[in-house]
Amino acid sequence: MRTTRRPIQVVSTWVRRQPPKVKAFLAVITGMAALVLLRAIVHDHDNLFVAAEAVHSIGICILIYKLMKEKTCAGLSLKSQELTAMFLAVRLYCSFVMEYDIHTLLDLATLATTLWVIYMIRFKLKSSYMEDKDNFLIYYVVIPCAALALLIHPSTSHLFVNRVFWAFCVYLEAVSVLPQLRVMQNTKIVEPFTAHYVFALGVARFLSCAHWVLQVLDSRGHLLVALGHGLWPSMVLISEIVQTFILADFCYYYVKSVFGGQLVMRLPSGVV
């Protein structure tokens, strides 16, 4: 007697069998459909940015809960947290000298919790830190981001160094999750709290990307003009899209695991 498979299992099996080009096409189509849906149901698109911040906060709360309850940092990337602290510190500085609004307070709170996570991994829970798995070399992303920021940055009236810092934190944020993905790639098994945290990052970055894309569409491109001239406006949008697609593959397997009733994620070779 044949067992009846769930629709999600049928779809996931079909997608997994497709060649990379087809998978990329399906990802683009899914993203576009999600944007159309959000544009239809969310009238004030600034709410998407607030939602992104809220989901990111939920992810951080999950991370803190894991560290405090389970007393282990296994599966977490210290380097990813350090990159996060780096771009948040630079963005906080830029926020103080260039705009100073509610996002300044949000960044300050996020930086404080990130520094606490770094402290816990480095000192309190050092024995459970998987240093051999956290082998991503962060200068592979820091140096290119700094070089790109020197070449492509805002064309505003602020000091040159502040404009370069602003660009640097935008570029670094887009790739700050790469060490965490490398840890998961090396271990192949992702425990629940870490999976929830990374999925929350993926959702937050998709909502942030949707906010920017819909704002550009609503303004008919005028928002890009308002950001300045040259390549900078396009790079801001590209950075948002890159953040989303970096985590797209992981989010797919996360959803598949949840619908499949699996508490622990097992990633196949080549994922992330």
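In the block above lies the structure referred to throughout.
This report concerns the structure included in the present document. Quick caveat, the model's predicted, so the values are computed rather than measured. (Residues numbered from 1 in each chain as written. Predicted model: local features only at pLDDT ≥ 70, side-chain atom pairs only at ≥ 80, totals over all residues. Heavy atoms only, no water.)

A look at the packing of helix H6 (residues 139–151) against helix H7 (residues 160–175)
The contact between H6 and H7 brings their axes to 8 Å, and the two run at 140°. The angle between H6 and H7 places the two elements in the oblique class. H6 and H7 meet at a crossing whose hand is right-handed. Touching Val-141, Val-142, Cys-145, Ala-146, Leu-148, Ala-149 and Leu-150 of H6 are Phe-160, Val-164, Ala-167, Phe-168, Tyr-171, Leu-172 and Val-175, all from H7. Of the residues assigned to the contact of H6 with H7, the class counts are 14 nonpolar, no polar and no charged. (Axes fitted to C-alpha atoms, helices over the stretch in contact; angles between N-to-C directions. Helix = DSSP H or I, 4+ residues; strand = E, 2+ residues; numbered from the N terminus. Parallel < 35°, antiparallel > 145°, perpendicular 65-115°, else oblique. Left-handed = near helix turned anticlockwise from the far one by under 90°. Contact = heavy atoms within 4.5 Å. Nonpolar A, V, L, I, M, F, W, Y, C, P; charged D, E, K, R; others polar.)

Side note on the side chain of His-153
Along the polypeptide, His-153 turns up in the loop between H6 and H7. Classification of His-153 as buried rests on a relative accessible area of 17%. Within the local environment of His-153, its side chain forms a polar contact with the backbone oxygen of Ala-149, the two atoms lying 3.0 Å apart. Among the polar contacts made by the side chain of His-153, one reaches the main-chain carbonyl oxygen of Leu-150 at a distance of 3.3 Å. Excluding anything up to four places from it in sequence, His-153 contacts Phe-160, Arg-163, Val-164, Ala-167 and Trp-232. (Buried < 20%, exposed > 50% of the residue type's maximum accessible area, 1.4 Å probe, protein only. Polar contact = N/O pair within 3.5 Å; in protein donor to acceptor, adjacent residues only side chain to side chain.)

Considering the packing of aromatic side chains
Scanning the model with the defined rule gives eight aromatic pairs in all. A centroid spacing of 5.1 Å and a plane angle of 85° characterise the contact between Tyr-139 and Tyr-140, whose relative ring orientation is edge-to-face. A residue is classified by how much of its surface remains accessible, and Tyr-139, at 46% relative accessible area, is partly exposed. Note on Tyr-140: relative accessible area 53%, which makes it exposed. Both rings, one in Tyr-171 and one in Trp-232, keep their centres 6.1 Å apart while their planes meet at 70°; by these two values the pair is edge-to-face. Within this pair, whereas Tyr-171 is found in helix H7, its partner Trp-232 is found in helix H11 (residues 232–259), the two being separated by 61 residues in sequence. In this structure, Tyr-171 and Trp-232 share a single accessibility class: buried. (Phe/Tyr/Trp six-rings, centres within 6.5 Å; stacked < 30°, edge-to-face > 60°.)

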